[in-house]
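Listed here are the chains, written in short residue letters.
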Amino acid sequence: MADLHTADTIGKTALPADMKNALHKAYQAFANRSNFCGVDIGYRWQHGQRTKDICLRLHVQRKLPIDALLPSQVLPTHVDGIALDVIEAAYQPSLEPGAARRSTARQPFTMGGLSCGRSGEGAGTIGLVVIDKTTGKPGILSNWHVLAGPRARCNDPIMQVEERNDEFDPRNHIANLKRWMLDRSGDAALAELLPDQPWLPLQFGGFDSISSTRSAELGELLNKTSHSPNSAQARVDGRGLYRLQYETRPGMLEYRDIEGLNLVYDDDVPVDSGRASFAGDSGSAWVSTTSGDAVALQIGGEIGGQITSSKATGRNKQAVIACEIEPIFEKLKLRLASFEDLLIQNSQSAVLTHHQKAQATFSHNADEATPSPLWPHPQHWADSSAPQPQQIARLERHETSTFGAQIVPMVRILPNGRLPAADLSSSRSRRYNIGHEIWQNRLYPALLDYDPNFQGVFLDEAIAQRISAADDRNIHAFLSRLINGSARFDGIGLKQVLASDFRGATSYFQICDRIEQLLPRF
């Protein structure tokens, strides 16, 4: 047909100018229709099979026969001389509900393809580990509706979601939300990794680091990296604008038209149950199977999951909507993370000056060994000769010194090289009692017993930096349960503590101060 382009003539070059003009004109003409779901340039489908013909395609919620339409509703067969086809498909962003999260082992390193999300708001997928070009710090890239959503605030905690009922579990807090976008260019957000969160510039399940990004090519085969049971592949079936419905503010739904890709799996690429996408795949990176370049970020899929009526639609394959990577990187000021970035981060000096040691006496005895050369990713808090948490018996107060010297709390240096300022308003002796006895011998080891990822937390650090919750009452409830259940606090006369005992406390020092006040006076 003279008015159809073919895959052979277009090849893997940019779309011809006449098709781009037709796409723009079709969007202007049809985007205001109530059943509009998108318009793109892509392959024509016949009898459930992709042909080599490339045409203009209008996506609608429901495809009706001509005799059921009013004259004004009948679509033209061509737009600016380009053949127009109609595809029945509607799209939506998706999240995996909290109740349906997969119960899999927590991965020690953050990398692309792992599950992530906000506390209690469902789960998506980490697309890529990236570097924030404005700060040089590592972070994770995923969708706006995965990391942010309608209730987002800057610095909100982001969780690496792997198990059920983990909404307020500090062990899963890996990053803090920084920037996001939800506009024509894409649906994406950046969260900065916590300073002590281990990461690798890899995609889960593989050992190759992605070194570059580029625009998608119509017809190329892409591979999805995700925590889903299957690793799906799909072809770029179309490029254009797609309409998805978002909750942009609490309780308010809006349609957004997003430029991106329409990805459809092939018969020769087997996937589970004929599906290329599952709930929770939002945010997954799609990578070229030939070059290994990162091409797109998944944002959603078809409503209903799979098209089955090939007679009505001409296409019986499930489609995935993804936005292209390069506009996201440009707008959010990002670049791909590399092993070189990892080496630079881990090569920071671990040498403490005499002044720094003197300022850190509340948590690190001068006679003890200096931190591990691997700082700020030190060895475990106890050496190989120390008893493990499950082996430590309940001790009386005078017995605690037996193991106290084997616990080596890490002194955290702030990014500008300063130590946290000491609270000079407290007396020196009382602060030493709080910092040495309650913090070093009690609360800090109890936190490490609960999770070694608390390694490096310092006395004056805000508790909300490591423990995420909807409000402070949940944090205080967590700490009260931890203290009541820990053998570290046995034998000192401390009664059961309540969450209300810590009301208003925002730092670990204030928590220790409240504990000191609750101890009996002899």
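Scroll up a little and you will see the structure.
Now for a description of the structure that goes with this document. In this convention, every chain numbers its residues from 1, walking through the sequence in written order. Residue-level local features of this predicted model are given only where pLDDT is at least 70; pairs of side-chain atoms are given and counted only at 80 or more, and the full residue set underlies all totals for whole chains, interfaces and linings. Side-chain numbers come from the whole structure's heavy atoms, not from hydrogens or water.

Attention now moves to the overall build of the protein. Strands here mean DSSP runs of E at least two residues long; helices mean DSSP runs of H or I at least four residues long; both are numbered from the N terminus. When you go through the protein residue by residue, the secondary structure sums to 11 helices and 22 strands. The buried share among the 522 residues of the protein stands at 53%. The long-range fraction of contacts in the protein, counting pairs at least 24 apart against all pairs at least 6 apart in sequence, stands at 70%. A 1.4 Å probe and the Shrake-Rupley method give the accessible areas. Residues count as covered only by the protein chains that appear here. Accessible area of the protein: about 23800 Å², with a carbon and sulfur share of 52%. Here the term buried applies to any residue with accessible area under 20% of the maximum for its type, exposed to any over 50%, and partly exposed to those in between, with areas from a 1.4 Å probe on protein chains only. For this analysis, residues touch if any pair of their heavy atoms sits within 4.5 Å.

For the rest of this paragraph, the subject is the side chain of T225. Within the secondary structure, T225 sits in strand β16 (residues 221–225). We classify T225 as buried; its relative accessible area is 10%. Under this definition, polar contacts are N or O atom pairs within 3.5 Å; protein pairs additionally need one hydrogen-donor-capable and one acceptor-capable atom, and for neighbouring residues in sequence, both atoms have to be side-chain atoms. Within polar-contact distance, the side chain of T225 engages the side chain of Q203 at 2.8 Å.

Right, let's get into the packing of aromatic side chains. Describing an aromatic ring pair means giving the distance of the ring centres and the angle of the ring planes. Put simply, two rings from Phe, Tyr or Trp (the six-membered ring, in Trp's case) pair if the centres are within 6.5 Å, and we call them stacked under 30 degrees between planes, edge-to-face over 60, tilted for the rest. Inspection of the entire model under this criterion finds 6 aromatic pairs. Pairing Y91 with Y242 gives two aromatic rings, centres 6.0 Å apart and planes at 85 degrees, and the pair type is edge-to-face. Residue Y91 is found in strand β6 (residues 91–93), and its partner Y242 is found in strand β17 (residues 233–249); the two are separated by 151 residues along the sequence. By relative accessible area, Y91 is classed as buried at 4%. On the accessibility criterion, Y242 (0% relative accessible area) is buried. A network of ring pairs unites the aromatic residues W439, Y444 and Y508 as a single cluster. Charge-over-ring placement is defined geometrically: NZ (Lys) or CZ (Arg) within 6 Å of the ring centre, and within 35 degrees of the ring normal. Across the ring face of Y43, the terminal group of R50 is positioned such that the distance to the ring centre comes to 5.5 Å. One Lys or Arg, R184, reaches over the ring of Y27 and ends 5.3 Å from the middle of that ring.

Along strand β14 (residues 186–193), 8 of the 8 residues are buried, which leaves the element largely enclosed by surrounding structure. Two strands pair if DSSP finds at least two bridges between them. Examined bridge by bridge, strand β13 (residues 173–183) and β14 share 8 bridges and lie antiparallel to one another. Counted as the bridge partner of L177 is A191 from β14. Joining the antiparallel neighbours β13 and β14 is a turn of 2 residues.

Let's shift gears to the nonpolar core. Each nonpolar core is a collection of buried residues, namely Ala, Val, Leu, Ile, Met, Phe, Trp, Tyr and Cys, held together in the definition by side-chain atoms within 4.5 Å. In this structure, L56, L128, L141 and L263 are the most contacted members of the largest nonpolar core, which totals 86 residues. Contact partners of L128, with chain neighbours within four places excluded, come to G139, I140, L141, Q203, I210, A285, A294, I325, F329 and L336. Counting residues in hydrophobic clusters, the runner-up holds 30 residues, among them A446, F454, L494 and Y508.

Moving on, we get to the pairing of strand β5 (residues 82–88). Taking burial as the measure, the 7 residues of β5 include 6 buried ones, the bulk of the element. Inspection of the sheet shows strand β3 (residues 49–60) paired to β5 by 5 bridges, in the parallel sense. Across the sheet, H59 pairs through a bridge with I87, a residue of β5. Sheet analysis places strand β4 (residues 78–79) next to β5, joined by 2 bridges and oriented antiparallel. Its bridge partner being in β5, H78 is matched across the sheet by A83. Between the end of β4 and the start of β5, which pair antiparallel, lie 2 residues, with D80 showing a positive phi angle near 55 degrees.

For the rest of this paragraph, the subject is the environment of R118. By secondary structure assignment, the location of R118 is in strand β8 (residues 115–118). When the C-alpha positions of R118 and H173 are compared, they lie 9.5 Å apart, and in sequence the two are 55 residues distant. Here A148 takes part through its backbone oxygen, which lies 3.0 Å from a polar atom of the side chain of R118. Within the structure, R118 has its side chain in polar contact with the side chain of D156 (distance 2.9 Å).

Moving on, we get to the sheet that holds β13. Pairing in this open sheet of 8 strands is antiparallel, and the strands run β9-β8-β12-β13-β14-β11-β10-β22 from one edge to the other. Looking at the sheet topology across the chains shown, the edges are occupied by β9 (124–125) and β22 (334–336). In this structure, strand β12 (residues 157–159) lies alongside β13, joined through 3 bridges in antiparallel fashion. Note on β13: the bridge partner recorded for M159 is H173. Helix-sheet contacts for helix α5 (residues 325–332) involve β10 (128–132), β11 (138–142), β13, β14 and β22, and the interaxial angle to β13 is about 105 degrees. Axis lines are fitted through C-alpha atoms, for helices just across the contact stretch, and the angle between N-to-C directions can take any value from 0 to 180 degrees.

Here we take up the side chain of H145. Tracing the backbone through its elements, the reader meets H145 in helix α3 (residues 144–147). Under the relative-accessibility criterion, H145 is labelled buried at 11%. A distance of 3.3 Å separates a polar side-chain atom of H145 from the backbone oxygen of S94. A distance of 3.1 Å separates the side chain of H145 from the side chain of S282, its partner in a polar contact.

What follows deals with unusual backbone geometry. If you check the backbone angles, N155 has positive phi at about 75 degrees while not being a glycine. Along the polypeptide, N155 turns up in the loop between α3 and β12. N155 gets classed as partly exposed once you look at its relative accessible area, which sits at 41%. One non-glycine residue with positive phi stands out, namely K333, at about 60 degrees. Residue placement: K333 occurs in the loop between α5 and β22.

When you line up the elements, L479 lands in helix α10 (residues 472–485). Apart from the residues lying within four places of it in its own chain, the contact partners of L479 are L447, I463, I467 and I511.

Note on definitions: salt bridges are taken to be side-chain nitrogens of Lys or Arg within 4 Å of carboxyl oxygens of Asp or Glu. In total, this model carries 22 salt bridges according to the counting rule given. We note a salt bridge from D85 to R44, for which the minimum N-O separation is 3.9 Å. Remark: R44 occurs in strand β2 (residues 36–46) and D85 occurs in strand β5; sequence separation between them is 41 residues. For D85, a relative accessible area of 12% gives the class buried. R184 is the partner of E259 in a salt bridge, and the nearest nitrogen-oxygen pair spans 3.1 Å. On the criterion of sequence distance, the pair formed by E259 in strand β18 (residues 252–264) and R184 in the loop between β13 and β14 is long-range, its members being 75 residues apart. Residue classification places R184 among the partly exposed positions, given a relative accessible area of 39%. Salt bridges linked by common partners bring D40, R50, R57 and D237 together as one network.

Bear in mind that shape data such as this cannot, by itself, settle questions of function.
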